[in-house]
Amino acid sequence: MRKFDTKVQYLKYKVLREVARDAWNGTLLENLLNIPKIISPGKVPTMRCCVFKERAILGERVKIAMGGDKSNNNVIEVIDIACDECPAAGYEVTASCRGCLAHRCEDVCKRGAITFDHNHVAHIDKSKCVECGQCAKVCPYTAIIHHQRPCQTACKVKAISINDDGAAAIDNEKCISCGACVYQCPFGAIMDKSQIVDVINILLGGAFGANYKVYAVVAPSIASQFTYAKLGQVITGLKRIGFHTVVEAALGADMVAMWESREIAEKGFVTSSCCPGFVQYIKSAFPALTQYISHNPSPMAAMGKYIKKTDPTAKIVFIGPCTAKKMEMQREDVRPYVDAVMTFEELQALFDSREFDIKNLEEDVLDNASYFGRIFARSGGLTDAAVQALKEQNIDFEIKPEVCDGIEACKIALLKKSKNALNANFIEGMACSGGCIGGAGCLTHGPKDKTQVDKYGQEAFEKTISDAISML
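So, here is what we can say about the structure in this document. Keep in mind it's a predicted model, so treat the numbers as computed, not measured.

1. Remarks on the overall build of the protein
For the protein, the helix and strand inventory stands at 19 helices and 15 strands. A compact globule built from 472 residues should have a C-alpha radius of gyration of about 23 Å, and the protein, at 24 Å, falls within 12% of that. Taken along its principal axes, the extent of the C-alpha atoms in the protein is 80 × 65 × 35 Å. Residues counted as buried form 53% of the 472 residues belonging to the protein. Partitioning the intrachain contacts of the protein with sequence separation of at least 6 by distance along the chain shows that 75% fall at a separation of at least 24.

Structure (structure tokens):
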């Protein structure tokens, strides 16, 4: 069994794997009701009160693995019947309340939400509380605490609320599709919609004589994934399941580094355009700063556009760690160049659905990009590449970057810029902590060592950005 961070992630993987198996065999529609039974065959539930509820929830997981609710454009979706075990969020009085005489909490509450029992112990009336938090701040015993559901804690853009039925609700206007809530939900009640069936159908079409070739464009963060095998074996595995060619998205990053460095020099101030979560955050939370977003495409879109220009019949599947890329491909300026997006989680399920172990395969070679294109995968990499690109183009301009590691750092930088208090001419924004190596679609999560990406980049260190793109 593959190593997964949690049982929830393993369950998600099993659903994806079974859906993929049936999609390959052409038996998906007739086998839909059997998939939950295959995953949970016994009479004793593994995660829920009864096996019937567990299978009902598994049925919803299968639907999301097949693409989810088509009427909802967001790729992040809530399974309502799975979202019922978390305690209600809000401020609570704990046993630490000493029943003091000061009653500072009562005095500071402007809504009259705090009352006391015969022991002078405080109680909060949730119908009056507006969760301002003032009572918690003034309590000398720190006896009032704020409960938040894991999904709400994970969502740094405050796109998640709780509906009248007690389930999580996502505000699509605020959501940046980063997927942080997907990984943090301990019941797997929030999932990212999968395009794994679409990818299989594309691959099957190519295998059965359709007039196109299928290209896998892999994100440079792949260097931090599939640690049980060698990268060359992953490349062979991709070709074994039907991809005609495997190309580095890092080559698209080399292109973007050249273009974006010139744009910074020409305009004097730019915010990066490579992370779709960051771009969407600017549009939703700081619309006045939209004018500063780089007009260059992301490496994914740049690579897809180049391939389709050279081979108009090509089908492009991007593979990376990012759930927000599934939203990016829906944009009008990206849709013509990318046909499907898969995460590394989904790629693992795709491999295993074909019943072969990539660590037993021979090694192939992936050698398209430069060192600087490859380090786009970690925070600070884009800035390093842009500085190098200016040197290679002999442009005399000093980049003063604000490198933002995670969406909270992005928020601070954007707030400063909105108040003309930012001492920088370039904001490199990464919605995920650590950069792309911290994406929600990674095989494993937690702190990522950027040295894995740098080591991967070093393999192409002799190649400049100019060298890489001159081969196009």
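That covers the picture; the talk isn't over yet.
2. Regarding the state of the cysteines
What we call a disulfide is simply a covalent bond connecting the sulfur atoms of a pair of cysteines. With the rule as written, the count across this model stands at zero disulfides. Summary of cysteine pairing: cysteine 109 is not part of a disulfide, and the nearest cysteine sulfur, belonging to cysteine 132, is at 6.2 Å. Note on cysteine 109: relative accessible area 19%, which makes it buried. Looking at the unpaired cysteine 275, the closest cysteine sulfur is the one in cysteine 322, lying at 6.1 Å.

3. Digging into the pattern of salt bridges
Here the structure, examined in full by the defined rule, presents 22 salt bridges. When the shortest N-O distance is used, the salt bridge between glutamate 60 and lysine 63 registers 3.2 Å. Residue glutamate 60 and its partner lysine 63 are located together in helix 3 (residues 51-65), separated by three residues, close to a single helical turn. On the basis of relative accessibility, which here comes to 28%, the residue glutamate 60 falls in the partly exposed class.

4. Looking at the packing of helix 10 (residues 249-267) against helix 12 (residues 299-310)
Axis separation between helix 10 and helix 12 bottoms out at 7 Å; the angle between their running directions is 105°. It follows that helix 10 is roughly perpendicular to helix 12 by the angle criterion. Taken together, the residues of helix 12 that come into contact with helix 10 (itself represented by Ala249, Leu251, Gly252, Ala253, Met255, Val256 and Trp259) are Pro299, Ala302, Met303 and Tyr306. Residues belonging to the contact of helix 10 with helix 12 are distributed by class as follows: ten nonpolar, one polar and no charged.

5. A look at the sheet that holds strand 11 (residues 270-271)
Spatially, the three strands line up as an open sheet ordered 11-15-14, and their pairing is parallel. If you trace the sheet from one side to the other, it starts and ends with strand 11 and strand 14 (401-405), each paired once. Here strand 14 runs beside strand 15 (residues 426-430); their pairing, made up of five bridges, is parallel. From the neighbouring strand, glutamate 402 faces strand 15, where its bridge partner is isoleucine 427.

6. Here's the deal with a positive patch on the surface
Taken together, the side chains of Lys156, Lys158, Lys174 and Lys411 present a region of like positive charge at the surface. Mapping lysine 158 onto the fold places it in the loop between helix 6 (150-154) and strand 6 (160-162).

7. Thoughts on the environment of lysine 158
Of the residues examined, lysine 158 reaches a relative accessible area of 61% and is grouped as exposed. Residues lysine 158 and aspartate 171, spaced 13 residues apart in sequence, show a C-alpha to C-alpha distance of 8.6 Å.

8. Some words on helix 14 (residues 344-353)
The buried count for helix 14 comes to ten of ten residues, which makes it a mostly enclosed element. Of all the positions in helix 14, only Phe344, Glu345, Glu346, Leu347, Gln348, Ala349, Leu350, Phe351, Asp352 and Ser353 are classed as buried.

9. Here's the deal with the packing of aromatic side chains
Tallied over the full model, the rule gives eleven aromatic pairs. Between phenylalanine 226 and phenylalanine 344 the ring centres are 6.1 Å apart and the planes differ by 90°, which places this aromatic pair in the edge-to-face class. Of this pair, phenylalanine 226 sits in the loop between strand 9 (214-218) and helix 9 (231-240) while phenylalanine 344 is found in helix 14, placing the two residues 118 residues apart along the sequence. Here phenylalanine 226 matches phenylalanine 344 in class, with each residue buried. Measuring from centroid to centroid gives 5.0 Å for tyrosine 371 and phenylalanine 372, while their planes differ by 85°, and the two rings are edge-to-face. Under the relative-accessibility criterion, tyrosine 371 is labelled buried at 11%. Relative accessible area serves as the criterion here: at 15%, phenylalanine 372 is assigned to the buried category. Taken together, the aromatic side chains of Phe226, Tyr228, Phe344, Phe351 and Phe356 make up a single cluster linked through ring pairs. Of note, arginine 240 hangs over the ring of phenylalanine 356, and the distance from its end group to the ring centre comes to 5.9 Å.

10. Topic: the side chain of serine 221
Here serine 221 is to be found in the loop between strand 9 and helix 9. In this structure serine 221 comes out as buried when scored by relative accessible area, which is 1%. With sequence-adjacent residues up to four places away left out, serine 221 is seen in contact with Pro321, Phe344, Ala377, Cys436 and Ile437.

11. Looking at unusual backbone geometry
Phi at serine 177 is positive, roughly 60°, even though this residue is not glycine. For serine 177, the location among the structural elements is in the loop between strand 7 (168-170) and helix 7 (180-184). The backbone of glutamate 355 sits at a positive phi, close to 60°, despite the residue not being glycine. You can see glutamate 355 is positioned in the loop between helix 14 and helix 15 (371-374).

12. Details of the nonpolar core
Ile196, Leu238, Phe243, Ile319 and Leu350 are the most contacted members of the largest nonpolar core, which totals 93 residues. Counting residues per element, this core draws most heavily on helix 10, at nine residues. Each residue touching isoleucine 196, except ones within four places of it in the same chain, is listed here: Leu16, Val19, Ala20, Ala65, Met342, Glu346, Ala349 and Leu350. In this structure, Val182, Val279, Phe286 and Met430 belong to the second largest nonpolar core, which totals 43 residues.

Rules of the game
Residues numbered from 1 in each chain as written. Predicted model: local features only at pLDDT ≥ 70, side-chain atom pairs only at ≥ 80, totals over all residues. Heavy atoms only, no water. Helix = DSSP H or I, 4+ residues; strand = E, 2+ residues; numbered from the N terminus. Rg over C-alpha atoms; globule rule 2.2 N^0.38 Å. Buried < 20%, exposed > 50% of the residue type's maximum accessible area, 1.4 Å probe, protein only. Contact = heavy atoms within 4.5 Å. Disulfide = S-S within 2.5 Å. Salt bridge = Lys/Arg side-chain N within 4 Å of Asp/Glu carboxyl O. Axes fitted to C-alpha atoms, helices over the stretch in contact; angles between N-to-C directions. Parallel < 35°, antiparallel > 145°, perpendicular 65-115°, else oblique. Nonpolar A, V, L, I, M, F, W, Y, C, P; charged D, E, K, R; others polar. Pairing = 2+ DSSP bridges. Patch = residues over 30% accessible without salt bridge, like charges linked within 9 Å, V, L, I, M, F, W, Y side chains within 5 Å. Areas by Shrake-Rupley, 256 points an atom, 1.4 Å probe, with all protein chains shown as cover. Lys, Arg positive; Asp, Glu negative; His and termini not counted. Charge placed at Lys NZ, Arg CZ, Asp CG, Glu CD. Phe/Tyr/Trp six-rings, centres within 6.5 Å; stacked < 30°, edge-to-face > 60°. Lys NZ or Arg CZ within 6 Å of the ring centre and 35° of its normal. Core = buried A, V, L, I, M, F, W, Y, C linked by side-chain atoms within 4.5 Å.

What is shown is where atoms sit, not what they do.
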